[in-house]
Amino acid sequence: MTWNDNNKNPWSGSNQTPPELEKVIKDFKNKFDGLFNNKKLSSAGTSKIPSRGGFKYILILVLLVWLLSGIYIIDPAEKGVVLRFGAFQEETSQGPHWHIPYPIETLNRINVEQVRTAEIGYRNVVNNNRRFGGNVSSESLMLTKDENMIEAKFAIQYRINDVQAYLFNVANPDTTLRHVSESAIRQVVGQNTMDYILTEGRANIADNIKEKSQNLLDKYKTGLLITTVNMQDAQPPEQVQSAFSDAVKAREDKQRLINEAQTYANDILPKSRGKAARMLEESKAYKSEMISKSEGEASRFKQILAEYEKAPKVTRERLYRETMENVLASTSKVVVDSKANSMMYLPIDKLINARQINTQESSTQHNNQGGNVREIFRNRGAR
């Protein structure tokens, strides 16, 4: 029994049971093959015309396939943008989703995590797995603040921050970013001198370019976010490269001589300061020694004076003997009592040598302690 017999349900009878699944599948297969199998022809050579029930199964199958084509999966690094007749409908994140299939709705996949690169002033060309860099003079040649020409190359890395703005606000966001970056680069380079750009200002210039470019992109609502700006190379034009190299070499020689002079100054100044401090300490020590010695002699003189007033004769005799002892101690003469009867042997040569050695050592020590300081003060007094 078919679906078309008297427009009745074949399973509506009270005493009938539903057909088995294998029979239903077999009937569906036979009807489907009857539409496309050219081997089943009648004896008159005419093809078999499919029934109305076969068209219904085909229509249901096509509709099912069409609906299933709307299933899609978004990767973690992507964003999905669904358009209905070309107008924005919704934005989807990672995971499985479904939209009305084409031609009603279409899907655009945008990788928002991919870091893209815009090359300003040069182009990298890959040929046979080899990378070649080419200079673009129209982009790299710029004028600095001090009216010098410079060739600067920049690599700008960016990614998509807002997919809806990226697709609908600007016709070509990537080209817009290149134009905005070139404008910001020329503005920043024109505000700085050539020496500053080539030496210590590279990082600061890259930060200024990033800030100005991002402000313009946000103003245009491009949906792009600049991550980094790198100055790949900056140098004078090729025509003046040799002269600039000479100037750089002269500047390096100047800096080298300055460093050598600074090193010599750092070496000699501490020594001079140490020597001056040592001389000051020696003069203070000599001053303290002379004062103490004078005070001691004055005190000893007062004590002798007191004793002299008590016993003048004894004091004179003691002073005489002490003086003679000091005088004779530095001479080579030996005094012998003529009234003595015993024979005395004296090693005169050894006594003489011993006295000379003692005298030289004492004089040397005394000269080492105060001689240098006295000589310094005498020379200053003479000047």
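You'll find the structure just up there.
Residues numbered from 1 in each chain as written. Predicted model: local features only at pLDDT ≥ 70, side-chain atom pairs only at ≥ 80, totals over all residues. Heavy atoms only, no water.

A. Region of the structure containing the overall build of the chain. When its secondary structure is counted, the chain shows 10 helices and 11 strands. Counting over 383 residues, the chain shows a buried share of 21%. Once local pairs closer than 6 in sequence are excluded, the contacts in the chain between residues at least 24 apart make up 65%. Accessible surface, the chain: about 28400 Å² in total, of which carbon and sulfur atoms supply 54%. (Helix = DSSP H or I, 4+ residues; strand = E, 2+ residues; numbered from the N terminus. Buried < 20%, exposed > 50% of the residue type's maximum accessible area, 1.4 Å probe, protein only. Contact = heavy atoms within 4.5 Å. Areas by Shrake-Rupley, 256 points an atom, 1.4 Å probe, with all protein chains shown as cover.)

B. Expanded view of helix 8 (residues 241-310). Its 70 residues give helix 8 an end-to-end C-alpha distance of 103 Å, which sits within 8% of 104 Å, the value for a rise of 1.5 Å per residue. Along helix 8, the positions that sit buried rather than exposed are Phe244, Ser283, Tyr286 and Ile304. (Expected span 1.5 Å × (residues − 1).)

C. Quick look at the pairing of strand 6 (residues 116-120). Burial analysis of strand 6 places four of its five residues in the buried class, the great majority of the element. Note that strand 6 and strand 10 (residues 149-160) share five bridges and pair antiparallel. Counterpart to threonine 117 in the pairing with strand 10 is glutamine 157. (Pairing = 2+ DSSP bridges.)

D. Region of the structure containing a nonpolar patch on the surface. Together, Leu61, Leu63, Leu64, Val65, Leu67, Leu68, Ile71 and Trp98 line one region of the surface with nonpolar side chains, adding up to about 740 Å² of accessible area. Tallying contributions element by element places helix 2 (residues 52-68) first for the nonpolar patch, with six residues. Its location among the elements puts tryptophan 98 in strand 4 (residues 95-98). (Patch = residues over 30% accessible without salt bridge, like charges linked within 9 Å, V, L, I, M, F, W, Y side chains within 5 Å. Salt bridge = Lys/Arg side-chain N within 4 Å of Asp/Glu carboxyl O.)

E. Region of interest: the packing of aromatic side chains. All chains considered together, the criterion is met by one aromatic pair. Ring centres 6.0 Å apart and planes at 75° place the aromatic pair phenylalanine 88 and phenylalanine 168 in the edge-to-face group. Of this pair, phenylalanine 88 sits in strand 3 (residues 87-92) while phenylalanine 168 sits in helix 4 (residues 163-168), and the two are 80 residues apart along the sequence. For phenylalanine 88, a relative accessible area of 30% translates into the label partly exposed. (Phe/Tyr/Trp six-rings, centres within 6.5 Å; stacked < 30°, edge-to-face > 60°.)

F. Spotlight on the nonpolar core. Phe154, Leu177 and Ile209 are the most contacted members of the largest nonpolar core, which has 34 residues in total. Where this core is concerned, the elements lending two or more residues are strand 2 (78-84), strand 6, strand 10, helix 4, helix 5 (173-190), helix 6 (194-198), helix 7 (202-220) and strand 11 (224-235). Two domains each put at least three residues into this core: domain 1 (53-111) and domain 2 (116-236). When neighbours within four sequence positions are excluded, phenylalanine 154 is seen to be in contact with Ala118, Glu119, Ile120, Tyr122, Met142, Ile185, Ile209, Val229, Asn230, Met231 and Gln232. (Core = buried A, V, L, I, M, F, W, Y, C linked by side-chain atoms within 4.5 Å. Domains from an automatic or database assignment.)

G. View of the sheet that holds strand 3. Taking strand neighbours across the sheet as the criterion, the three strands line up as 3-2-5 in an open arrangement whose pairing is antiparallel. For this open sheet the edge positions go to strand 3 and strand 5 (105-111), each flanked by a neighbour on one side alone. With direction set aside, neighbouring strand axes in the sheet form an average angle of 25°. (Axes fitted to C-alpha atoms, helices over the stretch in contact; angles between N-to-C directions.)

H. A look at the pairing of strand 3. Relative to strand 3, strand 2 is paired through five bridges, and the arrangement is antiparallel. The partner of leucine 83 across the bridge, within strand 3, is phenylalanine 88. The hairpin formed by strand 2 and strand 3 contains two residues between the paired strands, and phenylalanine 85 there has a positive phi angle of roughly 55°.

I. Seen up close, the pattern of salt bridges. Overall, the coordinates contain 11 salt bridges when judged by the stated rule. Its salt-bridge partner being glutamate 105, residue arginine 84 comes within 2.5 Å of it at the nearest N-O pair. Of the two residues, arginine 84 is situated in strand 2 and glutamate 105 in strand 5; the sequence distance between them amounts to 21 residues. Under the relative-accessibility criterion, arginine 84 is labelled partly exposed at 33%. Arginine 321 is the salt-bridge partner of glutamate 317, the closest N and O atoms lying 3.0 Å from each other. You can see glutamate 317 and its partner arginine 321 sitting in helix 9 (residues 312-329), four residues apart, about one turn around the helix. In the salt-bridge network here, residues are joined through shared partners; they are Arg123, Glu139 and Arg178.

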